[in-house]
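Take a look at the letters that make up each chain.
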Amino acid sequence: MFGSVLDVIVFFALTNPIVGWATLKFNFKWLCGVYSLAGLSIAGVELYEISTNAFSRPLEIPLSPMPFESYLRIDALSIFMALTFIMIGFFVTAYSIRFMESEGGAPLYYTSLLLMIAGMIGVVSAGDFFTFFIFWELMCISSYVLVSFRRRHWEPVEAGVKYLVMSSAGSAAILFALSLLYGLAGTLDFIRLANAMRNPQDIWIYAILMLMILGFGVKSAIFPLHTWLPDVYSAAPSPISAILSGVVTETGIYAICRVLSTIFISLRAEWSMILAVLSIITMTFGNIVALLQVDLKRLLAYSSIGHIGYMLAGVATGTPLGLAGALLHIFNHALMKGNSFLCAGAFIYRIGGRRLDEIAGVGRRMPVTATALGISLFALTGMPPLNGFISELIIFTSTIQAGMIWLGVCIILNSAISAGYVLRIIRALLQTTNEDKSADVKEAPIIMLLPIFLMATLVLLFGVWPDPALKLAMKAASTLVLKG
Amino acid sequence: MLDCYVMFSAVLFIIGVYCLTTKRNMIRMILGIEILINAANLNFIVFSAFRAAGFIDPLGHSIVMISVGLAGCVTAVALAITIYAYKHYGTIDIRRLSRLRG
C-alpha cells in the first residue's frame, strides 16, 4: 500500500499488540521487542532492495485513485534519511528490550515506537504536502505518547504537556501555511509547487515562509522555540531521548531543507540570512547553557540544540556542499548523540541517578560504557579521527565557499566551547571518590551494552572511513538542489 | 468574498494564538490548538470552493477530512496527558506545572 518499507513497519507495529497477548501466554517478556527488531531488520533489507533503483530514478508510489495527486516519491535523499531512521530505530529497539522491561505496557511502547519510525520514513518519502502532513502528525502523536510513557512519575507528564502544546501549535502553523500555499498555487505537489513558485509576486509568500520556519522550527528546536527540548529529553525514557534527539528533531531540519530548496528557492537571499542568524544564536545559546548544567541528560539536550545550530548553518549556505554537510551531520549526530543518551541510560539503569556528582567515578566500574560515552562525546566536539569532525569540516568549508566566513568562525568557536562541557563529563567519569557508594555497581547488561558498543564502533568507523556516508549525502544533496 | 473568508480565518488563527498564550487552564489551551487547526481547515475549504466557478477541488476537502481526524487524535492524547497531570498535581493550571528547571 505504502511501498515495501513502510508496509513492513506498519504491519509489525499493528500486529504488536497480538504478540503482546501471546507474551502473557508463553511468559517470555522480550517477545514484543524481538518481534519489533525482526520488523525493522526486514524493513532494512527492503530499503536496500529499492535503493539501487531509487538512486537512478525516483520511485513513485501512488496512494489514491482519486482525481488529485497523492503519492510517495522515494529519491536518494529519502533513502539516506530512511537509512538513518531505521539504523537508529534498530539500536534503540534492541536497547529498550532490557531498559523498558520493568515498565510494563511493552506492546503499546513498541507499537508507538514503530509508528513513530514509520511516520518519519513517510515524511521523508512523501511526494506532496498532503501525504507529508499525515505522516508528520503520525510521527508527532506517537512521540507525545512515548515522551509521557512513564505516566506514574510527574516528570514525564509535565514534559509531555509542554511538548504537546508547543509541538501541536507548530503543526497547526504548518497546516495554516499549507492552506495559504494551496490557495496561492492550487496544488500541494512538490514538483508542481516548485514550478508554480518560480516567480512569485504575491506578498503572501512571506507570510507562508514565516509560518513554515515557525512550525518546523518548533519541532527542530531553533532558538526562541527550543524551550520544550531540555525538559522533554531529560524526562523521557533514555532510549526515547536517544531517538528524539538523534532523528525526530532532525526530521524538522529535513523538512526545512526540502521546503526551502524546492518551494522558496526564489527567496534564497532572504531565508539564507534568516537561517544564518538563527543558526548562530541557536548554537551559541545551546553550547553556553550546556556548560552550566549539572544533569547529564539535560546537558546532552542543550548540546543537541547546539548541533541543530551547526546543521542550520549548513542549510543556510544553500549550496550543494552545505546541504551535504548538513545531511551528513544529521547522520553523524544521530549516531553520536544517540549513543551518548544510551550510555546515560545505562548509568541511570545501574546507579539510579543522572547528576554529574552522582555518576562520579563510575568510569572505573563500567569501563565499556564509559569508553563508548567518551568516544561519542569527543566526536560531538569534532575531534579529528571521529565522525563529527568530518561533517563539521564540510559545513565549515561550505560556509567559506558561500562567502559567509563569520558563520564558519562561529562554528569553530562553538566547537571550542563544547569541549568545555565534554571535558567536565569525562572528569566526572574518571574522578576518584572517597565514598564506597559505587562499589557494587556492575557493567550494564549485555543486551544494552551491544547497541552502545556497535554505535561507538560506527562513530569510529565513519570517522576513519567516511566515504560511503559522504557519497550518499552528496547524492542526496544533489537531488535537493537540482529540483529547485 | 474570498477576501472576507480568508480574513476571517486569519482572525480565527490569531484568536487561537491569543488563547494559547494567555489562558492558564490546560483544557482551554487544548481548545486553542483546536481553533488553530480549524482556522487552517476553513482556509482549505474556502480555497477549494473558490478555485474555479462551479467546481470544487476534492483535494482541499480530503485534507480537511484527514485533518479533522488528526486533530481528534491530538486532542485525545492531550486530554489523556491532562488527566495524568491532574492526578499528579491536583490542578489543571499550567503555571503549577513548573517543577522542571535548569
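Up top is the structure these notes are about.
The following refers to the structure shown.

Cut-offs applied
Counting from 1, residues in each chain are numbered in the order their sequence is written. For this description, chains carry letters from A and ligands carry numbers from 1, given in the order in which they are written. Only residues with pLDDT of at least 70 are given local features in this predicted model, and only at 80 or more are side-chain atom pairs given and counted; all residues enter the totals for whole chains, interfaces and linings. No hydrogens and no water enter the side-chain calculation; it runs on all heavy atoms of the structure. Helix and strand assignments come from DSSP, with helices taken as H or I runs of at least 4 residues and strands as E runs of at least 2, each series counted from the N terminus. The globule rule is 2.2 Å times the number of residues to the power 0.38, and the radius of gyration it is compared with is taken over C-alpha atoms. We call two residues contacting when some pair of their heavy atoms lies within 4.5 Å. Once two parts are put together, the accessible area they lose, assessed with a 1.4 Å probe and summed over both, is termed the buried area. Salt bridge, as used here: a side-chain nitrogen of Lys or Arg that lies within 4 Å of a carboxyl oxygen of Asp or Glu. A 3.5 Å cut-off defines polar contacts: any pair of N or O atoms within that distance qualifies, except that in protein one atom must be a possible hydrogen donor and the other a possible acceptor, and neighbouring residues in sequence count only when both atoms are side-chain atoms. Exposed residues in this analysis have more than 50% of their type's maximum accessible area, buried residues have under 20%, and partly exposed residues fall in between, with area computed by a 1.4 Å probe over protein chains only. Each axis is a line fitted through C-alpha atoms, taken for helices only over the stretch in contact, and angles between the N-to-C directions span 0 to 180 degrees. In this scheme, roughly parallel covers angles under 35 degrees and roughly antiparallel covers those over 145, while 65 to 115 is roughly perpendicular and the rest are oblique. Each residue gets one of three labels, nonpolar for Ala, Val, Leu, Ile, Met, Phe, Trp, Tyr, Cys and Pro, charged for Asp, Glu, Lys and Arg, and polar for the others, Gly among them.

**Quick notes on the overall build of chain B**
Tallying secondary structure elements over chain B gives 3 helices and 0 strands in all. Written out in order from the N terminus, the α and β elements of chain B read α-α-α. At 17 Å, chain B has a C-alpha radius of gyration far larger than the 13 Å of a compact globule built from 102 residues. By sequence separation, contacts in chain B at least 24 residues apart represent 53% of the contacts at least 6 residues apart.

**Points about the interface of chain B and chain A**
Taken together, the contact between chain B and chain A spans 43 residues of the former and 43 residues of the latter. Its largest share of buried area at the contact with chain A, chain B owes to L59, I81 and L100 of chain B, together 19% of the area lost on that side. Applying the counting rule to chain B against chain A returns 0 salt bridges. Summed over the shared surface of chain B and chain A, the result is 7 residue pairs in polar contact (both at pLDDT 80 or more). For the side of chain B that touches chain A, the secondary structure elements donating two or more residues are helix 1 (2-22), helix 2 (26-50) and helix 3 (58-89) of chain B. Per element, the largest residue contribution to the side of chain B that touches chain A is 17 residues, and it comes from helix 3 of chain B.

**Details of the pattern of salt bridges**
All names here are of chain A. If you walk through the whole model with that rule in mind, you get 11 salt bridges over all chains. D357 is the salt-bridge partner of R355, the closest N and O atoms lying 3.3 Å from each other. With relative accessibility at 39%, the residue R355 sits in the partly exposed group. Here the salt bridges share partners, and the residues they tie into one network are E158, K162, D231 and R298.

**Side note on the packing of helix 6 (residues 154-185) of chain A against helix 1 of chain B**
Look at helix 6 of chain A against helix 1 of chain B: their axes get within 12 Å of each other, and the N-to-C directions meet at 170°. One finds that helix 6 of chain A runs roughly antiparallel with respect to helix 1 of chain B. In this structure, helix 6 of chain A uses V165, A169, A172, A173 and F176 of chain A to contact helix 1 of chain B, whose residues at the interface are S9, A10, F13 and L20 of chain B. Among the residues forming the contact of helix 6 of chain A with helix 1 of chain B, the class breakdown is 8 nonpolar, 1 polar and no charged.

**As for the side chain of S340 of chain A**
Residues and elements named next belong to chain A. For S340, the location among the structural elements is in helix 13 (residues 320-351). Of the residues examined, S340 reaches a relative accessible area of 0% and is grouped as buried. If sequence neighbours within four positions are ignored, S340 has contacts with L300, L373, S376, L377 and L380.

**Brief notes about unusual backbone geometry**
Although it is not a glycine, A221 of chain A adopts a positive phi angle of roughly 60°. On the secondary structure map, A221 of chain A appears in the loop between helix 8 (204-219) and helix 9 (228-235).

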